[in-house]
Amino acid sequence: MHVEASTIVAAPAGVVAGVYRDYGRWPAVFPTISAVRLLREEAGRQVLEVDHRVEGKVVNVLTTRSPDEVELEEWKRAYHARFLNRFEAAAGGTRFSVRGDIRLNGPRRLLAPFLRGYARRLIERFQLLPVKAVAEARDSR
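Residues numbered from 1 in each chain as written. Predicted model: local features only at pLDDT ≥ 70, side-chain atom pairs only at ≥ 80, totals over all residues. Heavy atoms only, no water.

Caption draft 1: The arrangement of the overall build of the protein chain in detail. Of regular secondary structure, the protein chain possesses three helices and seven strands. Reading the secondary structure of the protein chain in the N-to-C direction produces β-α-α-β-β-β-β-β-β-α. Relative to the compact-globule value of 14 Å for 141 residues, the protein chain shows a C-alpha radius of gyration of 15 Å, a close match. Taking the principal axes of the C-alpha coordinates as reference, the protein chain spans close to 45 × 35 × 25 Å. Burial statistics for the protein chain: of 141 residues in total, 39% are counted as buried. When contacts within the protein chain are restricted to residue pairs at least 6 apart in sequence, long-range pairs at least 24 apart make up 48% of them. Summed over its atoms, the accessible surface of the protein chain is roughly 7,700 Å², and 53% of this surface lies on carbon and sulfur atoms. (Helix = DSSP H or I, 4+ residues; strand = E, 2+ residues; numbered from the N terminus. Rg over C-alpha atoms; globule rule 2.2 N^0.38 Å. Buried < 20%, exposed > 50% of the residue type's maximum accessible area, 1.4 Å probe, protein only. Contact = heavy atoms within 4.5 Å. Areas by Shrake-Rupley, 256 points an atom, 1.4 Å probe, with all protein chains shown as cover.)

Pasting the structure below:
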C-alpha cells in the first residue's frame with residue numbers, strides 16, 4: 001500500500017528536519033511514543049528500539065539520505081513500513097511530506113485497498129502534525 005501526505009510548516013527546513021531526526025526527543029514530539037533507545041549506529045543510520053504506548057517495543061531504522069530526506073523503516077505486528085520524509089523549502093516555510101510504503105501482515109493484506117485514506121489520516125495525525133507543532137514552536141523562539 002502506497003500513501004502520501006504533506007503539510008506546510010512555518011519554519012525553515014533545517015528546523016523541521018532537525019525535529020524529525022532528534023530521536024532522543026521523540027517521546028516529547030510523538031504522542032504514541034514513550035521511550036527510544038539507540039541500539040547501534042552505522043554510517044548515516046541509527047537502529048532504534050522504540051517503545052510505543054500501545055504496541056510495545058519495536059525496531060525502527062532511521063536513515064539520513066540527505067539534509068532534506070530521511071527514511072524511517074518500522075516493523076510492527078500489523079505491518080512493515082518504510083516512510084520517506086522530505087523537507088523542502090516552500091512559500092511560508094517548509095513542505096514536510098511523507099511517502100509511506102506499507103506492507104500489511106497476514107490476513108490484513110486483504111484490507112489494503114480499503115485502508116489508504118485511513119493510513120493517510122494516521123500519518124497526518126501522528127507524524128506530520130506533531131513535527132509541525134514542535135518545529136513552529138522552536139522557530140518562534
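Caption draft 2: Seen up close, the packing of aromatic side chains. Considering all chains together, one arrives at six aromatic pairs under this definition. With a centroid separation of 6.2 Å and 50° between ring planes, the pair formed by Tyr20 and Phe87 is classed as tilted. With Tyr20 in helix 1 (residues 13-21) and Phe87 in strand 6 (residues 79-90), this residue pair connects regions lying 67 residues apart in the sequence. Classification of Tyr20 as buried rests on a relative accessible area of 1%. Its relative accessible area of 2% is what places Phe87 among the buried residues. Through a chain of ring-to-ring contacts, three or more aromatic side chains come together here, namely Tyr20, Trp26, Phe30, Phe87 and Phe96. (Phe/Tyr/Trp six-rings, centres within 6.5 Å; stacked < 30°, edge-to-face > 60°.)

Caption draft 3: The arrangement of the environment of Val134 in detail. Note on placement: Val134 falls in helix 3 (residues 112-140). When the C-alpha atoms of Val134 and Glu71 are compared, they prove to be 20 Å apart, with 63 residues separating the residues in sequence.

Caption draft 4: Expanded view of the pattern of salt bridges. For the structure shown, the criterion picks out eleven salt bridges. For Glu42, the salt bridge identified is with Arg45, shortest N-O distance 2.7 Å. A relative accessible area of 29% means that Arg45 is categorised as partly exposed. For Lys132, the salt bridge is made with Glu136, and the minimal N-O distance between the two is 3.5 Å. Here Lys132 pairs with Glu136, and both are found in helix 3, just four residues apart, close to one helical turn. Assessed through its relative accessible area of 25%, Glu136 is described here as partly exposed. Bridged by salt links that share partners, the residues Arg65, Glu71, Glu73 and Arg82 form one connected network. (Salt bridge = Lys/Arg side-chain N within 4 Å of Asp/Glu carboxyl O.)

Caption draft 5: The arrangement of a nonpolar patch on the surface in detail. Together, Leu39, Val59 and Trp75 make up an exposed nonpolar region whose accessible area comes to about 240 Å². Structurally, Leu39 can be placed in strand 2 (residues 33-42). The partly exposed category is assigned to Leu39, whose relative accessible area is 37%. (Patch = residues over 30% accessible without salt bridge, like charges linked within 9 Å, V, L, I, M, F, W, Y side chains within 5 Å.)

Caption draft 6: View of the environment of Asp139. Position of Asp139 relative to the elements: it lies in helix 3. Distance from Asp139 to Arg99, taken between C-alpha atoms, is 25 Å for residues 40 residues apart in sequence.

Caption draft 7: Layout of the pairing of strand 7 (residues 93-104). In this structure, strand 1 (residues 2-9) lies alongside strand 7, joined through eight bridges in antiparallel fashion. Its bridge partner lying in strand 7, Ala5 is registered against Val98. The pairing of strand 6 with strand 7 spans twelve bridges and is classified as antiparallel. In the sheet register, His80 faces strand 7, and the bridge partner there is Arg103. Hairpin connection, strand 6 to strand 7: the antiparallel pair is bridged by two residues, and Gly92 has positive phi, about 90°. (Pairing = 2+ DSSP bridges.)

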